[in-house]
Amino acid sequence: MLKATLKGLLARKLRLTLAGLAVVLGVMSVSAAMITTTTVGSGFDSVFRTISSNVDVSVSGRSNVDAEYQGKAFTPPVPASVVDELADVPGAAKVTGEVQADGARPIGPDGKTISVQGPPRTGRAWHGETGMIRLKEGRGPTADDEVAINGGLAALGGFTVGGTIDVLTLQPRQTFEVVGIYGFSNGLDTLGGSTEVAFTEPVAQRVMLGKPDVYSSVTVTAADGTSPNELADRVAEAVGGNYAVRTGDELANDTAGDAMAFLDIVKIVLLGFSGLSLLVGIFLILNTFSILIAQRTGELALMSALGARRRQIAGSVLVEAVLVGTVASGIGLGLGVLVSMLLKSVMESNSGAQLPVSLIVPTSGMVLAFVVGVGVTVVAALVPARRASRVPPVEAMRASAAEQRSLTRITVLGAVAALVGVGAVVASLVSDLGGNRWAALGGGIVLGLFGLALLTPVASRVLLPGLGRLLGRSMPTKLGRLNAARNPRRTAITVATLVVTLGLVGGVGVVAESLRADVTTRVGTDLAADFVVAGDGVTGRAGGGAGGGPPTDADGRIMPTFEESVLGEARGVDGVAAATAQYLDNVQVAGAGDREPAGSPASGGSLEELTGVLGLEKVSGSLADLGAGEVAMDTETLSERGLRVGGSVRVATERGGWREYRIVGSYEPIFLLRGPVFSPDDAKREFVSALPAIGYVKLEPGADVAAVKGEITDLVADNPEVSVQDQTQAADAASSQVDIAELMLYVLLGLSVVIGVLGVINTMALSILERTRELGLLRAIGMRRSHMVRMVVAESLVMAVFGGLLGLLFGGLAGAAVVAVAGLAELAFPWTSLAIFLGLAIVAGLLAALAPSARAARVNVLSAIAYE
């Protein structure tokens, strides 16, 4: 029996190869995710352990705001007085104040900031050739206008000793002379791809930490005979609970953990694609084995008649599945290694750094990927194997390959699942389910998709004739339409891959388009100003509307800011009626009673002026300009925190920490402003940056819009991170994050559509083999080769269009439900994108028909008539 199975497998190797491709792609993604994250993670760990190798104990401030809300919390600096205190700690041989922080953005010769994806852009104080730092050229900085840079930055920007470099920090753009270029003791020009600018200590304190006589951390070196752990305990006792005290190993682990957050995203994306690939692959494998079993009914019946038991027949099918899964998984593992090498090279190229480790292949991860690939193949073959073992020999001897079975059972089951799913979705829309609304919606969508899959066979009987008529009424087209509808179960499984992938694509498109429309509407409604002066995407985060966190730059770090004098000069431009600054930060707001503190975006500025340019609606109290220690809050925050106007509230700012404020007024929250609003003086003192992040400019009636915009643009010309935007541009900038997320999802889903196309190709190829005799008879009675091609193309197109329409319709409805539950102001359908996706489904149908139609046209009449 095993020998017969192996021979049969070799005879059908081409057909099974197409089914195995889905497993190859899925296993490739799983293994690539495991290898890439393990390799890069090990590289980061090696880098940070090397950096921390000379650190016995590190002392740093504790974040005032929860990092879970902000994403990457600002750490308050350590006063210089702590250095003197730690010098008296027993066992401390040396105490050094360090200035090192992310946010030194160098400007290249092209006038744009030099951006590296992932690694930090570090600004530090120069303390000479200490630790790993080694000068390669020149000397260290000694004057306020001098800097040294690492070799990685010198290479990226083409900087040389004796030249100049412009740098953006917490301070506006400044020009420095490059007096030195340094590398590291391990021979590298950069650690992990970071760019570094070293200032004199007073300058570094001012531009990187925002005030003099402070340090980002303090390094304590242990005396001989004192262990780092012992010293850490003594240091912690000396400084109290306001500071974080860590050994060098703990510091390396924490720093590497921050870097691993980026790798987790890469891993999730790759595993998401692999999961979707394997899910779609189940349909492809199931369909392939089902058709093969139908074609081999005579062969299997003969085996049964000769004494093969059901278990042996089912086992032969499962052996085929195991062999296909094993070969496909093995190929997938090999391709996963190649993809990991490519990803590692791309990361090193983008960061400009060479990872200090070679490719690491984790055994456990590879075994997991292999087992998943084989397991998916076997699971998909279980139903065909069971079906093969239950066909009686006499019946199978005369059965045709196109076995027809009743659709009543799956239709009833599908109708029940669909109704329950629709009911759950409706309940999430109309009922007050609290935190269970999203669970009800998600469960309803999954059940609805399951019900749709079971109803697809009966739907194909109803819809395929109509779709076929749209392609034409010629005899080849009619035959193609009838061929597509002759086996509803097979058609349903074939198009299931397209339904799933295009359903997800359609849903993502509707949600993304609705988000864009919502942002555009909200910005247009909120914004009474004519121009916005801000960095890319900052307006979308000002009210927490596009991400719930503080505004940052394109790399998720320090937000773009500009000099306050820009708005002062803008007020003097002819045609400008008002120019208002908005300072931004992230805070935590304490609640009344036993409510836990909660994160919130925060703003600072002249409240009276902000009311004029943003159209704030006062609810109670006063929205006049705030004094020191006063805040105005939106009604949602007041309600959630149990607060009231006239009372007091404790608020923690990132730099200033916890402080009590008096609530003097409340307003209705808008997209561009929510959370507590501080006076300008409090904002400059308590926020991370004392510079404004957004400026609003309102014009006088009849002003020359283009001329005014040109003059204001000239005022920020020296800051490449900041631009002047009109209302339309501001709305586009606010929704830019939606565009990035949508593109990433489309790429992910687009790769899965490829597997859907493979499913159609496989079904068409197997269908042509199954109907060899029928095709020969058609040729014998006069059908031309061109008609054969048109018939097969029509069959493929009908199935592709059917699957595409079904998937996009389901995805559109699911996306609309998500939009409704999310409470977005606009429901928008991306008609152009949906039409493009449907067009891609049609192209997929044409591609799927190429090889099968050519084979059908080349059928030898006499051989086909004699074919069994």
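Here the structure is a predicted model, which is why all the values come from computation and not from measurement.

### Concerning the overall build of the chain
For the chain, the helix and strand inventory stands at 28 helices and 24 strands. Classification of the 868 residues of the chain by burial places 52% in the buried group. Long-range pairs, those at least 24 residues apart, make up 81% of the contacts in the chain with a sequence separation of at least 6. Counting every atom, the chain has about 36700 Å² of accessible surface; 59% of that belongs to carbon and sulfur.

### As for the sheet that holds strand E13 (residues 217-222)
Taken together, four strands build an open sheet; the order of strands is E3-E13-E1-E14 and the sheet is antiparallel. What marks the edges here is a single partner per strand, and that holds for strand E3 (92-98) and strand E14 (243-247). Averaged over neighbouring strand pairs, the angle between their axes works out to 20 degrees when direction is ignored. The pairing of strand E1 (residues 57-61) with E13 spans four bridges and is classified as antiparallel. Note on E13: the bridge partner recorded for Val-59 is Val-218. Against the sheet, helix H7 (residues 228-239) engages E1, E3, E13 and E14, with an angle of about 170 degrees to E14.

### Overview of helix H16 (residues 488-526)
For H16, which comprises 39 residues, the first-to-last C-alpha distance of 53 Å matches the rise-based estimate of 57 Å (1.5 Å per residue) to within 8%. Its maximal kink placed at Val-495, H16 deviates by approximately 40 degrees. Within H16, 28 of the 39 residues are buried, which leaves it mostly tucked inside the rest of the structure.

### Here's the deal with the side chain of Glu-721
Within the element layout of this structure, Glu-721 appears in the loop between helix H22 (705-715) and strand E24 (722-725). Polar side-chain contacts of Glu-721 include one of 2.8 Å to the side chain of Arg-105.

### Describing the nonpolar core
Within the largest apolar cluster, 42 residues are counted, with the highest numbers of intra-cluster contacts made by Leu-86, Ile-149, Ile-165, Phe-199, Val-220 and Val-235. The dominant element in this core, judged by the number of residues it contributes, is helix H6 (residues 201-209), at five residues. In terms of nonpolar packing, the next biggest core, distinct from the first, is built from 32 residues, Val-576, Val-631, Val-697 and Val-724 among them.

### Notes on the environment of Val-30
On the secondary structure map, Val-30 appears in helix H2 (residues 13-51). In sequence terms Val-30 and Gly-332 are 302 residues apart; their C-alpha atoms lie 8.9 Å from each other.

### Describing the packing of aromatic side chains
Tallying each qualifying case throughout the model produces six aromatic pairs. An angle of 80 degrees between the planes, with centres 6.0 Å apart, marks the rings of Tyr-182 and Phe-184 as edge-to-face. We classify Tyr-182 as buried; its relative accessible area is 0%. Relative accessible area serves as the criterion here: at 6%, Phe-184 is assigned to the buried category. Note on Tyr-661 and Phe-678: the rings are 5.1 Å apart at their centroids and 85 degrees apart in plane angle, and the pair reads as edge-to-face. Of this pair, Tyr-661 sits in strand E21 (residues 657-667) while Phe-678 sits in strand E22 (residues 677-678), and the two are 17 residues apart along the sequence.

### Things to note about the packing of helix H26 (residues 785-822) against helix H27 (residues 831-857)
Where H26 meets H27, the axes come as close as 7 Å, and the angle between the chain directions of the two elements is 150 degrees. As summarised for this structure, H26 and H27 are arranged roughly antiparallel, according to the angle between their axes. Every pair of crossing elements has a handedness; the one defined by H26 and H27 is right-handed. A per-class count over the contact of H26 with H27 returns 20 nonpolar, four polar and one charged.

### Structural notes on a nonpolar patch on the surface
Nonpolar side chains collect at one region of the surface, where Val-412, Leu-413, Val-416, Val-420, Leu-447 and Phe-450 lie side by side and expose about 510 Å² of accessible area between them. If you list the elements that add at least two residues to the nonpolar patch, you get helix H13 (408-430) and helix H14 (437-471). Counting residues per element, the nonpolar patch draws most heavily on H13, which supplies four residues. Residue placement: Leu-447 occurs in helix H14. Judged by relative accessible area, which is 33%, Leu-447 ranks as partly exposed.

### Some words on the pairing of E1
When you tally the buried positions in E1, you get five out of five residues, the bulk of the element. In this sheet, E14 lies alongside E1 in antiparallel orientation, the contact comprising five bridges. Paired with Val-57 across the strands is Thr-247, a residue of E14.

### Some details on the environment of Ala-590
Along the chain, Ala-590 falls in the loop between strand E16 (576-589) and strand E17 (598-604). Given a relative accessible area of 14%, Ala-590 falls into the buried group. The spatial distance from the C-alpha of Ala-590 to the C-alpha of Trp-658 is 9.3 Å, given a sequence separation of 68 residues. The residues contacting Ala-590, other than those within four sequence positions of it, are Pro-597, Arg-641, Leu-643, Val-649, Arg-650 and Trp-658.

Thresholds applied
- Residues numbered from 1 in each chain as written.
- Predicted model: local features only at pLDDT ≥ 70, side-chain atom pairs only at ≥ 80, totals over all residues.
- Heavy atoms only, no water.
- Helix = DSSP H or I, 4+ residues; strand = E, 2+ residues; numbered from the N terminus.
- Buried < 20%, exposed > 50% of the residue type's maximum accessible area, 1.4 Å probe, protein only.
- Contact = heavy atoms within 4.5 Å.
- Areas by Shrake-Rupley, 256 points an atom, 1.4 Å probe, with all protein chains shown as cover.
- Pairing = 2+ DSSP bridges.
- Axes fitted to C-alpha atoms, helices over the stretch in contact; angles between N-to-C directions.
- Expected span 1.5 Å × (residues − 1).
- Bend = angle between axes of the 7 residues up to and from the residue.
- Polar contact = N/O pair within 3.5 Å; in protein donor to acceptor, adjacent residues only side chain to side chain.
- Core = buried A, V, L, I, M, F, W, Y, C linked by side-chain atoms within 4.5 Å.
- Phe/Tyr/Trp six-rings, centres within 6.5 Å; stacked < 30°, edge-to-face > 60°.
- Parallel < 35°, antiparallel > 145°, perpendicular 65-115°, else oblique.
- Left-handed = near helix turned anticlockwise from the far one by under 90°.
- Nonpolar A, V, L, I, M, F, W, Y, C, P; charged D, E, K, R; others polar.
- Patch = residues over 30% accessible without salt bridge, like charges linked within 9 Å, V, L, I, M, F, W, Y side chains within 5 Å.
- Salt bridge = Lys/Arg side-chain N within 4 Å of Asp/Glu carboxyl O.

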